[in-house]
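Each chain, written out:
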2 protein chains.
Amino acid sequence: MERRSFLKKVGAAALGATALSHSRKAYSAEKRFLWRMVTSWPPNFPILQTGAERLAKRVGELSGGRLMIQVYAGGELVPPLGVFDAVSQGTVECGHSASYYWAGKNPAFQWFTSIPFGLNAQGMNTWFYQGNGLKLWRELYSNFNIVPRPAGNTGVQMGGWFNKEINTIDDFKGLKMRIPGLGGKVIKKVGATVVLLPGGEIYTSLERGVIDATEWVGPAHDIRMGFHKVAKYYYGPGWHEPGSALEFIVNKKAHDALPEDLKQVLDVACAELNIQMLTEFEYENAKALKKLMNDHKVNLRHFPPQVLKKLRKVAKETIEQEAQKDKMAKKVHEDFKAFQALMAPWANISEQEYYTNII
Amino acid sequence: MERRSFLKKVGAAALGATALSHSRKAYSAEKRFLWRMVTSWPPNFPILQTGAERLAKRVGELSGGRLMIQVYAGGELVPPLGVFDAVSQGTVECGHSASYYWAGKNPAFQWFTSIPFGLNAQGMNTWFYQGNGLKLWRELYSNFNIVPRPAGNTGVQMGGWFNKEINTIDDFKGLKMRIPGLGGKVIKKVGATVVLLPGGEIYTSLERGVIDATEWVGPAHDIRMGFHKVAKYYYGPGWHEPGSALEFIVNKKAHDALPEDLKQVLDVACAELNIQMLTEFEYENAKALKKLMNDHKVNLRHFPPQVLKKLRKVAKETIEQEAQKDKMAKKVHEDFKAFQALMAPWANISEQEYYTNII
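Residues numbered from 1 in each chain as written. Chains lettered and ligands numbered in written order. Predicted model: local features only at pLDDT ≥ 70, side-chain atom pairs only at ≥ 80, totals over all residues. Heavy atoms only, no water.

In the nomenclature of an unreviewed UniProt entry, chain A corresponds to ABC transporter substrate-binding protein from the organism Dissulfuribacter thermophilus. Under the heading Subcellular location (unreviewed entry), UniProt records this for chain A: "Cell envelope". (UniProt positions renumbered as here; feature names shortened; annotations may be inferred.)

Below is the structure:
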């Protein structure tokens, strides 16, 4: 959106809010904040960019126009992977992204999005809101002048698109796959060649056999990439990202300048986005999977349980190694591991039973 | 809480909010609302009553003291099961409860809390926010001058405490069990005797053999009832309530009187409570289950898959019969069924895999 057209909308929204609450005069006495939010998502990117925009709109409404946030998609103001630094340095006030993109700064960042064989969305949210998750996240980010909040979750992702069958763990040997992060480190250990490619080059690389496989997100986003036209099999589940949390990050100085009630507005608007985005992912994924199966006759495969078992073992080793790289990573890892151990027996007789014998 | 002490707190909260946003004068010009919320929960009842109180507090903060809600536990102002009528008639402005308590008015009410072998929390929320769930709920409640919002979820409940083993479906024959609602109708069909008892009489009835079994909620609440002292087996999962949604209901006239921004405050505060309450249930259930197992050596049992399969079949018939009783119930049922069918294949390769092979 152009700045001029944004300001026009902002003006209208603020006017709307004040008129509706019969308080134009009242609000005019308030201190106002005009923030910029940068994101890691392409313009109009479904669920993620649209979610970030919905967050900004909600904050504007709830604050009666006192905190207006203009949203810039990835590349519009800073590069998609420049979000963290821009917020940290105060170039912009806030951003929407995913913490594992910043793993180069500190391996600890990875636990706050998703780790292979880690927690699903319900588990991540329980860790954030009830366990020590958010506390540890804030501790880590305070070193970078950033205040984080959970703000969305992708739910369980898909394993990816393959042109080779995966029947045993040995089928990963020599497999050329585009899969970044910890997932890549895991399959490298079982003999795969990890290829890193920008989003725009994946389709042709898959088509030309430069890669044998790629992961992306889930059905809703994958179908837009057209991978079903150039890959034989669609494998699930996304063991490497069982519930990726998104983040809303605010520059500490900008955050400190807010009155208490506007901080609370950010709390509730992020909580609402958190639950809404997950359900949007769920719904859109279900619809897209149906379309992939019915209209495009996609060959849907489950990784064999024995393959997942082996990947799980290798992932565990990989994560232990990551945790040893840094003191804070170790602290986060130990807490995460203890939390998983606490929750597992309960999950076993509740949600696991639900998905196995009830649904 | 006494009214005097409530008003004192309200005053302090409002003052706090206005002082923090430098707007005492500004807010004083606003129209203010003082509402009463009645609930179906005992005073201080963990997670549910405390959640309702947190909702009221949050609304007060977010509105800068313009919408203050005083919370009355069940029986303090109206009986626990008088919440719906009190809100419908405008005796009070709002309430926190569960829609299936009002099934006597119309069988359709049951789908908005939970039905046997229905949706879990993630599914209910997806149905509400992305499917037609909330739309249908509002349509149904509009006949009673009520505007509903989802406001919390118990997560998967437990199957209950038993003094007889359940190895086959025939073990339900002659079993005297306290289990209200549709769950009761289902086990009655497989030969059980359904006993209805108020909460305060369950423990001694179980102790004296008046009943052989009872369901309650989940580990966090069950442990407080002490059932582990008088029952041999703790069975899961709660097939009859796989994800019970709670409701925040507002009298339509009171709702209409709110300016648009205060309606939005209710939206976000309820969304926040919705996700927070579910994670609180998850966390407290996990901790209580651990305690029941370690300290009280509870004999934890899974209903055999064949028993669940049979119960599922009977539940399906029972629900079809319920749906035939009323036009709106049929409409809701058809939508719910179609939604379940849409979501199932996606759940099969995502969350089901997560709980089976990833966690």
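K.L.:
What's the story with the sheet that holds strand E2 (residues 67–72) of chain B in this structure? I'm lost.
P.N.:
Two orientations exist for strands paired in a sheet by backbone hydrogen bonds: parallel and antiparallel. Residues and elements named next belong to chain B. Across the sheet, which stays open at both edges, the 5 strands sit in the order E2-E1-E3-E10-E4 with mixed pairing between neighbours. Lying at the two open borders of the sheet, with one neighbouring strand each, are E2 and strand E4 (146–153). With strand direction ignored, the average angle separating the axes of adjacent strands in the sheet is 25°. With 6 bridges joining them, E4 and strand E10 (residues 245–251) adopt antiparallel strand pairing. The residue of E10 that forms the bridge with Arg149 is Phe248. (Pairing = 2+ DSSP bridges. Helix = DSSP H or I, 4+ residues; strand = E, 2+ residues; numbered from the N terminus. Axes fitted to C-alpha atoms, helices over the stretch in contact; angles between N-to-C directions.)

K.L.:
What is the right way to read unusual backbone geometry from this model?
P.N.:
Phi is mostly negative for residues that are not glycine, and the peptide bonds are mostly trans. Here the bond from Gly236 of chain A into Pro237 of chain A is cis, since omega is 0°, no more than 30 degrees from zero. Structurally, Pro237 of chain A can be placed in the loop between strand E9 (233–236) and strand E10 (245–251). Residues other than glycine seldom take positive phi values, yet Ile47 of chain B does so here, at roughly 65°. Take Ile47 of chain B: it is sitting in the loop between strand E1 (33–39) and helix H3 (48–62). On the basis of relative accessibility, which here comes to 4%, the residue Ile47 of chain B falls in the buried class. With a phi angle near 60°, Asn145 of chain B is a residue other than glycine that sits in the positive phi range. By the secondary structure assignment, Asn145 of chain B is in the loop between helix H6 (133–142) and E4. (Buried < 20%, exposed > 50% of the residue type's maximum accessible area, 1.4 Å probe, protein only.)

K.L.:
Looking at this structure, how should I read the sheet that holds strand E3 (residues 94–97) of chain A?
P.N.:
All names here are of chain A. An order of E2-E1-E3-E10-E4 is seen for the 5 strands of this open sheet, with the pairing classed as mixed. Each having just a single partner strand, strand E2 (67–72) and strand E4 (146–153) make up the two edges of the open sheet. Sheet twist, expressed as the mean angle between neighbouring strand axes with direction ignored, is 25°. Bridge count between strand E1 (residues 33–39) and E2: 6 bridges; the pairing is parallel. When the sheet's bridge partners are listed, Met37 is paired in E2 with Val71. Sheet strands touched by helix H3 (residues 48–62): E1, E2, E3 and E10. Its angle to E2, the strand with the most contacts, is close to 165°. Along the sheet face, helix H5 (residues 121–129) touches E4 and E10 and points at about 150° away from the line of E4. (Contact = heavy atoms within 4.5 Å.)

K.L.:
Explain the packing of helix H11 (residues 260–294) of chain A against helix H11 (residues 260–294) of chain B here, please?
P.N.:
Between two packed helices, what matters for the description is the angle formed by their axes and the separation of those axes. One can describe the packing of H11 of chain A onto H11 of chain B by two numbers: an axis separation of 8 Å at closest approach and a directional angle of 60°. By the angle class used here, H11 of chain A and H11 of chain B are oblique. Crossing geometry of H11 of chain A relative to H11 of chain B is assigned as left-handed. Residue-level contacts link Asp267, Val268, Ala271, Glu272, Asn274 and Ile275 of chain A of H11 of chain A to Asp267, Val268, Ala271, Glu272, Asn274 and Ile275 of chain B of H11 of chain B. (Parallel < 35°, antiparallel > 145°, perpendicular 65-115°, else oblique. Left-handed = near helix turned anticlockwise from the far one by under 90°.)

K.L.:
Before we go on, may I ask you to explain the relation of the copies chain A and chain B in this structure?
P.N.:
Relating one copy of the chain to the other takes a rotation about an axis and a shift parallel to that axis. Note on the copies: chain A fits chain B at an RMSD of 0.0 Å, the axial shift is 0.0 Å, and the rotation between them is 180°. These values place the two chain copies in the arrangement generated by a two-fold rotation axis. (Least-squares fit on C-alpha atoms with pLDDT ≥ 70 in both.)

K.L.:
Is there a simple way to explain the nonpolar core in this structure?
P.N.:
Side chains of nonpolar character tend, in soluble globular proteins, to be buried together. By size, the foremost hydrophobic cluster in this structure holds 235 residues, and its most contacted members are Trp127, Phe172 and Leu311 of chain A together with Trp127, Phe172 and Leu311 of chain B. Ile275 of chain A together with Tyr129, Ala271 and Ile275 of chain B belong to the second-largest nonpolar core, a separate cluster that totals 6 residues. (Core = buried A, V, L, I, M, F, W, Y, C linked by side-chain atoms within 4.5 Å.)

K.L.:
Looking at this structure, I do not really get the UniProt feature "binding site: Na(+)" (unreviewed entry) in chain A. What am I missing?
P.N.:
Per the UniProt entry, the sites bearing "binding site: Na(+)" (unreviewed entry) are Trp216 of chain A in this numbering. Aside from chain neighbours lying at most four places away, what touches Trp216 of chain A is Gln157, Arg178, Gly199, Ile202, His221, Asp222, Met225 and Phe227 of chain A.

K.L.:
Just checking my understanding: could you explain the pairing of E10 of chain A for this structure?
P.N.:
Consecutive residues of a regular strand have side chains that alternate between opposite faces of the sheet. All names here are of chain A. Within E10, 7 of the 7 residues are buried, which leaves the element mostly enclosed by the surrounding structure. The alternating pattern of E10 places Ala245, Glu247, Ile249 and Asn251 and Leu246, Phe248 and Val250 on opposite faces, both of which are buried. In this sheet, E10 lies alongside E3 in antiparallel orientation, the contact comprising 4 bridges. Each residue of the ladder has a partner; that of Gly95, found in E10, is Ile249.

K.L.:
Any chance you could explain helix H12 (residues 305–324) of chain A here in plain terms?
P.N.:
Because each turn of an α-helix spans 3.6 residues, side chains separated by three or four positions end up pointing in the same direction. The terminal C-alpha atoms of H12 of chain A, which comprises 20 residues, lie 29 Å apart, in line with the 28 Å expected from a rise of 1.5 Å per residue. Here H12 of chain A has its buried residues at Val307, Leu308, Leu311, Val314, Ala315, Thr318, Ile319, Glu322 and Ala323 of chain A. As for H12 of chain A, its buried residues are in contact with helix H7 (181–189) and helix H13 (327–349) of chain A together with helix H14 (351–358) of chain B. (Expected span 1.5 Å × (residues − 1).)

K.L.:
What exactly am I supposed to notice about the interface of chain A and chain B here?
P.N.:
For interface size, the figure often reported is the accessible area lost on association. Taken residue by residue, the interface counts 73 residues in chain A and 73 residues in chain B. Carbon and sulfur atoms make up 64% of the area that chain A and chain B hide from each other, which totals about 7300 Å². In this structure, the connection of chain A to chain B is made through 2 salt bridges. The shortest N-O distance in the salt bridge between Asp267 of chain A and Arg58 of chain B comes to 3.7 Å. Counting every contact that joins chain A to chain B gives 26 residue pairs in polar contact (both at pLDDT 80 or more). Looking at the side of chain A that touches chain B, the elements with two or more residues in it are helix H2 (24–28), H3, H5, H11, strand E11 (299–302), H12, H13 and helix H14 (351–358) of chain A. In terms of residues, the side of chain A that touches chain B owes the most to one element, H11 of chain A, which gives 21 residues. (Buried area = accessible area lost by both parts, 1.4 Å probe. Salt bridge = Lys/Arg side-chain N within 4 Å of Asp/Glu carboxyl O. Polar contact = N/O pair within 3.5 Å; in protein donor to acceptor, adjacent residues only side chain to side chain.)

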